[in-house]
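Notes for the structure review
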Amino acid sequence: MKNNIRVERARQRMTQQELAERTGVSRQTINAIEQGKFNPSTVLALKMSLVFGIPVNEIFELEEGD
Amino acid sequence: MKKQHLLPHSWQWVGLAALFLGLIPSLKSFIPFLLSGSDYRQIGVAEAISQFGFLIMMPLSAVILCFSREKIEDERIAELRMKSLATTAIIYVILLIIGPLKGIILGRLFSHRIISNLHLLFGHGWWMLFIYLLIFKISYWVQNRRYSNEK
């Protein structure tokens, strides 16, 4: 699964730490998600969607083989 | 996110203290006693203290350490806990399978009494909690190091 978290963060001038605090996870978890090493739960994806103010499908998208 | 029923993070210090209290007397006399080849059924008063440390404090510390939270307990850590638990279960099954072979292999090297005492030492299932703890803590440390640099 691909994600645009890094792009969205950059657009909103938000650090990983800030996003982590606002979603209630660790900074390392945000980093792992950005690198595509960890897939977040639906709840965490929806929280990110709320923080960025955009729909979930604009942050996460399926790749071929998913 | 689902609520996790774990002890507070500060309990890890309690667990470490219990481990220390259990480990010191165990290392001091109980394990050397077992390995000496003496009959464990003839344990005296002096050994009873170390036995208390080994059989009560160490399992207690293992339970506390296994079921206390990390600083930030999120879903990545929950997944790590599940993977560590699965790996521990696999190790346990492997040990169960190779267990009966232990006597045959070690019987050529050590006396019957030492093998019997080794069985007492490793026959306790709570050792698996320490295996779980080891796998979990190493994975936790490795992952946190890997994902600590912000790109």
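As the structure is a computational prediction, the values presented were derived from the model and not from experiment. (Residues numbered from 1 in each chain as written. Chains lettered and ligands numbered in written order. Predicted model: local features only at pLDDT ≥ 70, side-chain atom pairs only at ≥ 80, totals over all residues. Heavy atoms only, no water.)

1. Notes on the environment of Gly 125 of chain B
- With respect to the helices, strands and loops of the structure, Gly 125 of chain B is situated in the loop between helix 4 (112-122) and helix 5 (127-146).
- Spatially, the C-alpha atoms of Gly 125 of chain B and Pro 59 of chain B are 9.5 Å apart, while their sequence positions differ by 66 residues. (Helix = DSSP H or I, 4+ residues; strand = E, 2+ residues; numbered from the N terminus.)

2. Some details on a nonpolar patch on the surface
All names here are of chain B.
- A contiguous nonpolar patch, built from Ile 90, Val 93, Ile 94, Leu 95, Ile 97, Ile 98, Leu 101 and Ile 105 and spanning about 740 Å² of accessible area, is present on the exposed surface.
- Examined against the element boundaries, Ile 105 turns out to sit in helix 3 (residues 75-107).
- Ile 105 sits in the exposed class, given a relative accessible area of 55%. (Patch = residues over 30% accessible without salt bridge, like charges linked within 9 Å, V, L, I, M, F, W, Y side chains within 5 Å. Areas by Shrake-Rupley, 256 points an atom, 1.4 Å probe, with all protein chains shown as cover. Salt bridge = Lys/Arg side-chain N within 4 Å of Asp/Glu carboxyl O. Buried < 20%, exposed > 50% of the residue type's maximum accessible area, 1.4 Å probe, protein only.)

3. What about the environment of Gly 53 of chain B?
Residues and elements named next belong to chain B.
- In this structure, Gly 53 sits in helix 2 (residues 45-66).
- Given a relative accessible area of 1%, Gly 53 falls into the buried group.
- Each C-alpha atom, one on Gly 53 and one on Leu 23, is 6.8 Å from the other, the two residues being 30 residues apart in sequence.

4. Observations regarding the nonpolar core
Residues and elements named next belong to chain A.
- Core analysis: the largest hydrophobic core is formed by 18 residues, its most contacted members being Ile 5, Leu 19, Ile 33, Met 48, Phe 52, Ile 59 and Phe 60.
- When contributions to this core are tallied by element, the ones reaching two or more residues are helix 2 (16-23), helix 3 (27-34) and helix 4 (42-52).
- Among the elements that make up this core, the one with the highest residue count is helix 4 (five residues). (Core = buried A, V, L, I, M, F, W, Y, C linked by side-chain atoms within 4.5 Å.)

5. Things to note about the pattern of salt bridges
Residues and elements named next belong to chain A.
- The tally for this structure, following the rule as stated, stands at six salt bridges over all chains.
- When the shortest N-O distance is used, the salt bridge between Glu 34 and Arg 6 registers 3.1 Å. Residue Glu 34 is found in helix 3, and its partner Arg 6 is found in helix 1 (residues 5-11); the two are separated by 28 residues along the sequence.
- You can call Glu 34 buried: its relative accessible area is 11%.
- Given the relative accessible area of 34%, Arg 6 is considered partly exposed.
- Between Glu 34 and Arg 9 there is a salt bridge, with the nearest N and O atoms lying 2.5 Å from each other. Of this pair, Glu 34 sits in helix 3 while Arg 9 sits in helix 1, placing them 25 residues apart in sequence.
- If you follow the salt bridges from partner to partner, you end up with Arg 6, Arg 9 and Glu 34 in one network.

6. Some points on helix 5 of chain B
- Given a rise of 1.5 Å per residue, 20 residues ought to cover 28 Å, and the 29 Å separating the end C-alpha atoms of helix 5 of chain B matches this to within 8%.
- Within helix 5 of chain B, burial applies to Met 128, Phe 130, Tyr 132, Leu 133, Phe 136, Tyr 140, Gln 143 and Asn 144 of chain B. (Expected span 1.5 Å × (residues − 1).)

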